[in-house]
Amino acid sequence: MVFLSFILLTGSCGFSQTPVNQSENAYKIPEEMIQQVQKSEQEWLEELGEERYKILRQCGTEPPFTGKYYKHKAKGTYACAGCGNELFLSDAKYESGSGWPSFFEALDKSKIKELRDVSYGMIRTEIRCAKCDGHLGHVFPDGPKPTGLRYCVNSASLEFKEAEE
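Before going into details, it helps to say that this report is about the structure given with it. (Residues numbered from 1 in each chain as written. Predicted model: local features only at pLDDT ≥ 70, side-chain atom pairs only at ≥ 80, totals over all residues. Heavy atoms only, no water.)

1. A closer look at the packing of aromatic side chains
Aromatic ring pairs: the centre-centre distance and the angle between the two ring planes describe each pair.
Consideration 1: Scanning the model with the defined rule gives 7 aromatic pairs in all.
Consideration 2: With a centroid separation of 5.1 Å and 65° between ring planes, the pair formed by Tyr78 and Phe103 is classed as edge-to-face. Placement of Tyr78 in strand E2 (residues 76-80) and of Phe103 in strand E5 (residues 102-103) is noted, with a sequence separation of 25 residues between them.
Consideration 3: Overall, Phe103 belongs to the buried group, its relative accessible area being 0%.
Consideration 4: Seen in terms of ring centroids, Phe88 and Phe103 are 4.3 Å apart; in terms of plane orientation they differ by 15°. Their pairing is stacked. Of this pair, Phe88 sits in strand E3 (residues 86-89) while Phe103 sits in strand E5, placing them 15 residues apart in sequence.
Consideration 5: With a relative accessible area of 0%, Phe88 lands in the buried category.
Consideration 6: Grouped by ring-pair contacts, the aromatic residues Tyr69, Tyr78, Phe88, Phe103, Tyr151 and Phe160 constitute a single cluster.
Consideration 7: Cation over ring: Lys39 sits above Trp44, and NZ or CZ is 4.7 Å from the ring centre.
Consideration 8: The aromatic ring of Trp44 is capped on one face by Arg57, whose charged end is 4.2 Å from the ring centroid. (Phe/Tyr/Trp six-rings, centres within 6.5 Å; stacked < 30°, edge-to-face > 60°. Helix = DSSP H or I, 4+ residues; strand = E, 2+ residues; numbered from the N terminus. Buried < 20%, exposed > 50% of the residue type's maximum accessible area, 1.4 Å probe, protein only. Lys NZ or Arg CZ within 6 Å of the ring centre and 35° of its normal.)

2. Structural notes on the side chain of Glu62
Consideration 1: For Glu62, the position within the fold is in the loop between helix H3 (50-56) and E2.
Consideration 2: No salt bridge is formed by the buried Glu62; the nearest opposite charge belongs to Arg52, separated by 7.9 Å.
Consideration 3: Among the polar contacts listed, one links the side chain of Glu62 to the backbone nitrogen of Ser155, at a separation of 2.5 Å. (Lys, Arg positive; Asp, Glu negative; His and termini not counted. Salt bridge = Lys/Arg side-chain N within 4 Å of Asp/Glu carboxyl O. Polar contact = N/O pair within 3.5 Å; in protein donor to acceptor, adjacent residues only side chain to side chain.)

Here you go:
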């Protein structure tokens, strides 16, 4: 149990740097979206603070059931905390029971990179912000209809923008 807690808190970045879907019909991330935000590690640390830096830049994971947005119910848009890239709508958020904010679809798939993660003897799909390359979490094929996907995201990797009435 202690080892598992260590893994959850330290993160992995155990991806193979290859996109998950490489077929000709796969969605393509526009070139101008990739690596638009480039900063030194010191700049990232100063801007994000230790917790967000650990998650977004070092692939850390916040403890389950503790994140700011885990039970968040307001209407609006969830954006990357590293660069402001809008990623998920509150209408796609649902309670998965995983302990992290979960969404069944991304606002626009071109705003999220999917990478194969083979860390800790598992094969998973890591999700990163396509604009700043910040680690968001993972996506799993066990979500609800209509997509069947569960984007499992760290609260610390997100900022929330409330909808205007």
